[in-house]
Amino acid sequence: MATFSASPKTPLHKLHLKPGPQPRSHGGCVLKIIRYNRIGSTNTKAKSLAEKQAAEWTVVVSEVQTHGRGRSGRTWKSPKGGLWFSLIIRPKIPIDRIPLLQFLFANALRKGIEEVYGVQSEVKWPNDLVVCWKKLAGVLIETKISGPQLVYAVVGIGLNVNLTAEQLPTGATSIFLVKEKRFSLEKALSSILTVSERHYETLRDESAVVGDWWKHCAHRMKPVIVETGNSKTRGRCVGVNPDGSIIIQTEQGNVTVPDGTLRLDA
Ligand code: BT5
C-alpha cells in the first residue's frame, strides 16, 4: 500500500491533511500528496511544481476543480464527489515513447477501479475508461521536453466516483451510477497510486503495456470512425502502436492515425 506525506513547502492553509503512516520510498522518491479543497486545475498546479523541481511522485489532488482540463482545450467537469488528481513523474524514456504513458496509466486506472470498486471498465482510444461506452474516467498527460529528453510528465486523472447523472455531461457515467452506492475517494486514490507504481515498473516492456491495453480495449476489432480535425477515417480498429497511434483497416488498406476522437461505426 502506498503511504503519504505532505510537501513541507505547501502553504499550510491550502493543506487538508489526514494523519498517516510514514512516507515510503518509490525508487528513491517519496510519495507526497498535496491536497486542495478547490483549485483551477490539478494539472496546471502540478506543472508549476514540476517547473520548481518537485520530485517524482508528487501528487496534487483537489476536491473541486474550477477549470478542469481535457485534451485540446476541452473542459473537464470536476464538481465535488469525483477524484481529480495529477502525478509528477520523470521517466527516462525516448520522447517517441511518451504516448506509452497514456496506455500505462489507463491500464493502472482500469485495474485500480476493478480492485477498489469491483467495476469492470474498458479502455477507449486514446485516453478514456468506459463502462458500456459511457465515459467513467479520462487521462490527460502533459510533458516538458528539452531536446531529446523528457524533463517531466504530469499525469492527470479524472475519475467520476460519487457523481450523479445531473452532475455529469451526456455520455458519462460514474462508479455511483454503476454500483448504486457511494465510495471513499481516499481509498481510491491510495489504490490507484499503488497500482500505478506497480505498472510504472513495467514501462520498459512496451509490448506488455500495449498488449494489456489492447486486451481490454472497448473497440478491439470493431468498426470505428476516427475524426482528426476535418478528416475522417472509417474502418475496423485492428491495433495500436507504442507511439500512441491507432491502426484502422480501411478498404484502401491499413491506415495509422496519430490522434483524434474515436466512435463506434454503428
Ligand atoms: C480527457 O480529455 O478525458 C482528460 C480528462 C483529464 C481530467 C483530469 S482531472 C485531474 C487533471 N486536472 C485537469 O485539469 N485535468 C486532469 P478529453 O478526451 O479531451 O475529454 C474531454 C471531454 O470529456 C469533454 O469535452 C466532455 O465531452 C467530456 N467530459 C467532461 N467532463 C467529464 C466528466 N467529468 N466525465 C466524463 N466526461 C467528461
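The rules we used
Residues numbered from 1 in each chain as written. Predicted model: local features only at pLDDT ≥ 70, side-chain atom pairs only at ≥ 80, totals over all residues. Helix = DSSP H or I, 4+ residues; strand = E, 2+ residues; numbered from the N terminus. Buried ≥ 20, exposed ≤ 12 C-beta atoms within 10 Å, placed from the backbone. Contact = placed C-beta atoms within 7 Å. Expected span 1.5 Å × (residues − 1). Near = placed C-beta within 6 Å. Nonpolar A, V, L, I, M, F, W, Y, C, P; charged D, E, K, R; others polar. pLDDT = per-residue confidence, 0-100. Pairing = 2+ DSSP bridges. Axes fitted to C-alpha atoms, helices over the stretch in contact; angles between N-to-C directions. Core = buried A, V, L, I, M, F, W, Y, C linked by C-beta atoms within 7 Å. Domains from an automatic or database assignment.

1. Here we look at the overall build of the chain
Here is step 1 of the chain: Helices and strands together make up the secondary structure of the chain, namely 5 helices and 14 strands.
Here is step 2 of the chain: Per-residue burial over the chain gives 42% buried out of 266 residues.
Here is step 3 of the chain: For the chain, contacts bridging at least 24 residues in sequence account for 62% of all contacts bridging at least 6.

2. Re helix H4 (residues 185-200)
Here is step 1 of the chain: For H4, with 16 residues, the first-to-last C-alpha span of 22 Å sits near the 22 Å given by 1.5 Å per residue.
Here is step 2 of the chain: Within H4, burial applies to Ala188, Leu189, Ser190, Ser191, Ile192, Leu193, Val195, Ser196, His199 and Tyr200.
Here is step 3 of the chain: For H4, the elements touching its buried residues are strand S4 (58-65), strand S5 (83-89), helix H2 (99-117) and strand S9 (149-159).

3. Here's the deal with the site of the ligand
Here is step 1 of the chain: Surrounding the ligand, one finds 29 residues, the nearest of these being Ser41, Gly70, Gly138, Gly156 and Gly158.
Here is step 2 of the chain: Here the shell around the ligand takes 4 residues from strand S8 (residues 134-146), the largest share from any one element.
Here is step 3 of the chain: Looking at side-chain class alone, the shell around the ligand contains 9 nonpolar, 14 polar and 6 charged residues.

4. Digging into the environment of Lys215
Here is step 1 of the chain: Among the structural elements, Lys215 can be located in helix H5 (residues 206-215).
Here is step 2 of the chain: In this structure Lys215 comes out as exposed when scored by C-beta crowding, with 11 C-beta atoms within 10 Å.
Here is step 3 of the chain: Separated by 92 residues in sequence, Lys215 and Val123 place their C-alpha atoms 9.1 Å apart.

5. Topic: the confidence of the model for the chain
Low-pLDDT stretches of the model should not have their predicted coordinates read in fine detail.
Here is step 1 of the chain: On average, residues of the chain score 89 in pLDDT, and 89% of them are at 70 or above.
Here is step 2 of the chain: In the model, residues 1-23 has pLDDT below 50 throughout and makes 37 contacts with residues more than four positions away in sequence or in other chains.

6. As for the sheet that holds strand S11 (residues 231-240)
Here is step 1 of the chain: Strand order in the open sheet formed by 5 strands is S13-S12-S11-S10-S14, with antiparallel pairing between adjacent strands. Across the chains shown, the open sheet's two edge strands, defined by having one partner strand only, are strand S13 (253-257) and strand S14 (261-264). Between one strand axis and the next, the sheet turns by 45° as a mean value, whatever way the strands run.
Here is step 2 of the chain: In this sheet, strand S12 (residues 246-250) lies alongside S11 in antiparallel orientation, the contact comprising 4 bridges. Among the inter-strand pairings, Arg236 is bridged to a residue of S12, identified as Gln249.

7. Brief notes about the environment of Ser62
Here is step 1 of the chain: Looking at where Ser62 falls in the secondary structure, it is placed in strand S4.
Here is step 2 of the chain: Residue classification places Ser62 among the buried positions, given that 26 C-beta atoms sit within 10 Å.
Here is step 3 of the chain: Remark: the alpha-carbon pair of Ser62 and Gly82, spanning 20 residues in sequence, is separated by 9.2 Å.
Here is step 4 of the chain: When neighbours within four sequence positions are excluded, Ser62 is seen to be in contact with Tyr36, Arg38, Ile39, Thr42 and Trp84.

8. Focus on the sheet that holds strand S3 (residues 32-39)
Here is step 1 of the chain: If you trace the 7 strands from one edge of the open sheet to the other, you get S3-S4-S5-S9-S8-S7-S6, paired in mixed fashion. What marks the edges here is a single partner per strand, and that holds for S3 and strand S6 (122-124). Each adjacent strand pair in this sheet contributes to an overall mean axis angle of 20°, direction not counted.
Here is step 2 of the chain: The sheet contact formed by S3 and S4 spans 7 bridges and is parallel. Note that in S4 the partner of Tyr36 across the bridge is Ser62.
Here is step 3 of the chain: Its contacts with the sheet put H4 on S4, S5 and S9, and the angle it makes with S5 is roughly 30°.

9. A closer look at the nonpolar core
Here is step 1 of the chain: Counting 65 residues, the largest nonpolar core has Val59, Phe85, Ile88, Phe105, Leu109 and Val155 as the members making the most contacts within it.
Here is step 2 of the chain: Here this core takes 11 residues from H2, the largest share from any one element.
Here is step 3 of the chain: Summarising the domain contributions, this core has at least three residues from each of domain 1 (12-215) and domain 2 (223-264).
Here is step 4 of the chain: Apart from residues no more than four positions distant in its own chain, Val155 is found in contact with Ser86, Leu87, Ile89, Leu101, Phe105, Val139 and Ile141.

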